[in-house]
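Summary of the model geometry
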Amino acid sequence: MNDACAGGSRRKPELLAPGGSYEKCRIAFLYGADAVYAAGRDYSLRGYAKNLDLEEIAAAATLARSLGRKFYAAVNAFALETDLAGLPPYLRYLQDIRVDGLIVSDPGVILLARRWAPDIPVHLSTQANTMNSLSVRFWQEQGVSRVNLAREIHFEDLADIRRNTSAELEVFVHGAMCMSYSGRCLLSAFLNHRSANRGLCSQPCRWSYRLVEEKRPGRYFPIHEDARGTYIFNSKDLCLLEDVGKLAALGVDSLKIEGRMKGALYLAATVRSYRHAIDRWHASPEGYRVESGWREDLDRMSHRPYTKGLLFPDEEVDGETVDAATPYLQTHTLAALVRPSTEELLGGENRNGTPWNPAAGDLPKPPDGHPEATTEHWTTLEVRHRLSTGTALDFLNPDGSTSRHVLDAFEDLRGNPMTVAHPNSWVRLRLPFPTVPLQVVRMCS
Ligand code: SF4
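This is a predicted model, so every value here is computed, not measured. (Residues numbered from 1 in each chain as written. Predicted model: local features only at pLDDT ≥ 70, side-chain atom pairs only at ≥ 80, totals over all residues.)

1. A few points about the overall build of the chain
Inclusion rule: The helix count covers DSSP runs of H or I at least four residues long, the strand count covers runs of E at least two residues long, and both are numbered beginning at the N terminus. In this description, a residue-residue contact is defined by the distance between C-beta atoms placed from the backbone, which must lie within 7 Å.
Within the chain one finds 11 helices and 22 strands. Within the chain, counting contacts between residues at least 6 apart in sequence, those at least 24 apart form 68% of the total.

2. Overview of the environment of Pro18
Definition in use: Whether a residue is buried, exposed or partly exposed is read from the other C-beta atoms within 10 Å of its own C-beta, which are placed from the backbone; 20 or more gives buried, 12 or fewer gives exposed, and intermediate counts give partly exposed.
Within the fold, Pro18 resides in strand S1 (residues 14–18). Since 27 C-beta atoms lie within 10 Å of it, Pro18 is described here as buried. Those residues in contact with Pro18, other than ones at most four positions away along the chain, are Tyr37, Ile257, Glu258, Gly259 and Arg260.

3. Focus on the site of the ligand
Using the following cut-off: A residue counts as near a molecule or strand when its C-beta atom, positioned from the backbone, falls within 6 Å of it. Polarity classes work like this: nonpolar for Ala, Val, Leu, Ile, Met, Phe, Trp, Tyr, Cys and Pro, charged for Asp, Glu, Lys and Arg, and polar for all others, with Gly in that last group.
Inspection of the region around the ligand gives 12 residues, with Cys178, Cys185, Ala196, Cys201 and Cys205 positioned closest. Per-class residue counts for the shell around the ligand are eight nonpolar, four polar and no charged.

4. As for the nonpolar core
For the record, the criterion: Structurally, a nonpolar core is described as a collection of buried Ala, Val, Leu, Ile, Met, Phe, Trp, Tyr and Cys residues joined by way of C-beta atoms within 7 Å. Residue ranges labeled as domains rest on an automatic or database domain assignment.
Judged by nonpolar contacts, the single largest core of 105 residues is most densely connected at Val36, Ala73, Leu102 and Val244. With 11 residues, helix H9 (residues 264–283) is the largest single contributor of residues to this core. Counting contributing residues per domain, this core is built from domain 1 (14–182 + 236–315) and domain 2 (334–443), each supplying no fewer than three. Setting aside chain neighbours within four positions, we find Ala73 in contact with Ala38, Ala39, Gly40, Ile57, Leu94, Val99, Leu102 and Ile103.

5. Section: helix H4 (residues 107–116)
Counted only if it meets this: The arc in question is formed by the directions pointing from the helix axis toward the C-beta atoms.
What H4 keeps buried is the set Val109, Ile110, Leu112 and Ala113. Around the axis of H4, the buried residues are gathered within 165° of arc, so they sit on the same side. In the core, the buried residues of H4 are packed alongside strand S3 (70–75), helix H3 (87–96), strand S4 (101–104), strand S5 (122–124) and strand S6 (144–148).

6. With respect to helix H2 (residues 54–67)
Residues lying three or four places apart along an α-helix face the same way, a consequence of the helix completing one turn every 3.6 residues. Put simply, the rule is: Expected helix span is given by 1.5 Å per residue-to-residue step, counting one fewer step than there are residues.
For H2, spanning 14 residues, the distance from its first C-alpha to its last is 20 Å, which sits close to the expected 20 Å at 1.5 Å a residue. Those residues of H2 that are buried lie in contact with helix H1 (22–30), strand S2 (35–39) and S3. One or two steps after H2, the chain reaches Gly68, where phi turns positive at roughly 75°.

7. Topic: unusual backbone geometry
In this model, Arg98 sits at a positive phi of 60°, which is unusual for a non-glycine residue. The class of Arg98 is partly exposed, set by 14 C-beta atoms lying within 10 Å. With a phi angle near 80°, Asn424 is a residue other than glycine that sits in the positive phi range. Mapping Asn424 onto the fold places it in the loop between strand S20 (420–421) and strand S21 (426–431).

8. Section: the packing of H3 against H4
Definition in use: Axis geometry follows a simple rule: fit a line to the C-alpha atoms, using only the stretch in contact for helices, then measure angles between N-to-C directions, giving values from 0 to 180 degrees. Angle categories are assigned with fixed cut-offs, so that under 35 degrees is roughly parallel, over 145 is roughly antiparallel, 65 to 115 is roughly perpendicular, and the rest are oblique. Each crossing is labelled by how the near helix is turned from the far one, with a counterclockwise turn of less than a right angle marking it left-handed and a clockwise turn marking it right-handed.
Axis separation between H3 and H4 bottoms out at 9 Å; the angle between their running directions is 50°. One way to sum up the angle between H3 and H4 is to call them oblique. Between H3 and H4 lies a crossing whose hand is right-handed. In contact with Leu87, Pro88, Leu91 and Arg92 of H3, H4 contributes Val109, Leu112, Ala113 and Trp116.

9. Brief notes about the environment of Gly175
Mapped onto the elements, Gly175 comes out in strand S7 (residues 168–176). Of the residues examined, Gly175 has 18 C-beta atoms within 10 Å and is grouped as partly exposed. For the pair Gly175 and Tyr266, spaced 91 residues apart in sequence, the C-alpha to C-alpha distance is 9.6 Å. Not counting residues up to four positions away in its chain, the partners in contact with Gly175 are Asp237, Leu238, Ile257, Glu258 and Gly259.

10. Some details on the packing of H9 against helix H10 (residues 292–299)
At a minimum axis distance of 8 Å, the contact between H9 and H10 shows a crossing angle of 160°. Between H9 and H10, the angle falls in the class roughly antiparallel. Crossing handedness for the pair H9 and H10: left-handed. Mapping the contact onto sequence places Ala269, Thr270, Arg272, Ser273, His276 and Ala277 in H9 and Trp294, Asp297 and Leu298 in H10. Tallied by class, the residues present in the contact of H9 with H10 amount to four nonpolar, three polar and two charged.

11. A closer look at the pairing of strand S14 (residues 377–383)
Where we set the bar: Pairing between strands is defined by DSSP: at least two bridges between them are needed.
Looking at chain direction, strand S13 (residues 334–339) and S14 are connected through four bridges and run antiparallel. Looking across to S14, one finds that Ala336 is bridged to Val383. Sheet topology note: the S14/S21 ladder contains six bridges and is antiparallel. Looking at S21, one finds that His377 is bridged to Leu431.

12. So, the pairing of strand S22 (residues 440–443)
Residues Val440 and Arg442 of S22 are buried on one face, and the alternating residues Val441 and Met443, pointing to the opposite face, are buried as well. In this structure, S13 lies alongside S22, joined through three bridges in antiparallel fashion. Residue Leu334 lies in a different strand from S22, and its bridge partner there is Arg442. Here strand S16 (residues 392–396) pairs with S22 via four bridges, running antiparallel. Each residue of the ladder has a partner; that of Phe395, found in S22, is Val441.

13. Things to note about the environment of Gln439
Within the fold, Gln439 resides in the loop between S21 and S22. Accessibility expressed as a C-beta count within 10 Å gives 25 for Gln439, which makes it buried. Residues within four places of Gln439 in sequence aside, it is in contact with Val338, Phe395 and Leu396.

If you want it as structure tokens, here you go:
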């Protein structure tokens, strides 16, 4: 039973982050996610995310346990008749490796989950479109312990649902929004045979449309937004950073970030922003306010203009949750990922002598004779964007701070000096601050 009360809750909500690959699961934990959701290669709603193979799912569940965090497996595709035979062994496997929850949409899959993975809590996907407390109760009677509520509800509805149910409640706080009702849409399936309900949406709602008159082929008339807002497809991105305190005080159990198909920069920036927001609220609910740095992180990654969606429709700055004219905003891109150095791969000890756990943000102990004995730190980078001397880089630290460094000297892994590095190469450089493997590095501009 949730410990929310009429006067509000002081319990920290869980921060739930997407893990589109095993590496992204590790990045999410590094930047402070309490739990990560990811899927296997089948039966999930993100068919074009890399997703995890069976061994990676087991590794992610084990990693989560070792860190005291949680790992939820998404099995949220609407199953076809032909899917049913393969689900029991898969669900049994998920139980055997002890994932912490199964995210499910399809009632048939819930039946199978209760039978083949009875010890694993079932979480209902937003896809099930749950909008009231009676529906929550219905799903509880089917064995569901947590419900991700539909994005169509208002905050007042959420408060009522919280008051009237004991189930765990989860809401999306950040990420892309689907324009159709809880993601039930055939646009992608009709336009290029990729069904959104099979996790294959190609997001044609974001494409640029023109009007063509039948007798004038080749003449494309642009569709402009007018004062009433005619652009039906083009949703902004959800951002409820300001409202973390309201949701937490209400007793929402889990705040979920969308984006299993998004990149490492998105993941690091969103997780650390919301991590600090939740922690700050918990330390001082009355004084909660968004810090400029948290918001800057969210602005310095690829995103559409932000909206509060339908949860707080009256608080929209410009009154619209659609934006016809604005493409993705991308002022900053991923520059590199920090990789373990050879010394670190061979070393494996923390500075305090305990086993080194990079996913927990541990700083490795430099082996004897390692250059870190000086004030400089050797760092290995996997380059993701062309780098050259003079490039300014921001290292996003898991503690929320950012360390800036302007590239002067760097070298390849054989020690040959370089002036330019191309994507997918690895380089080494000295930094005046320590880094941790999988730390995300952003181009300054
Ligand atoms: S095409 Fe757009 S509206 Fe339709 S499912 Fe995909 S994201 Fe949602």
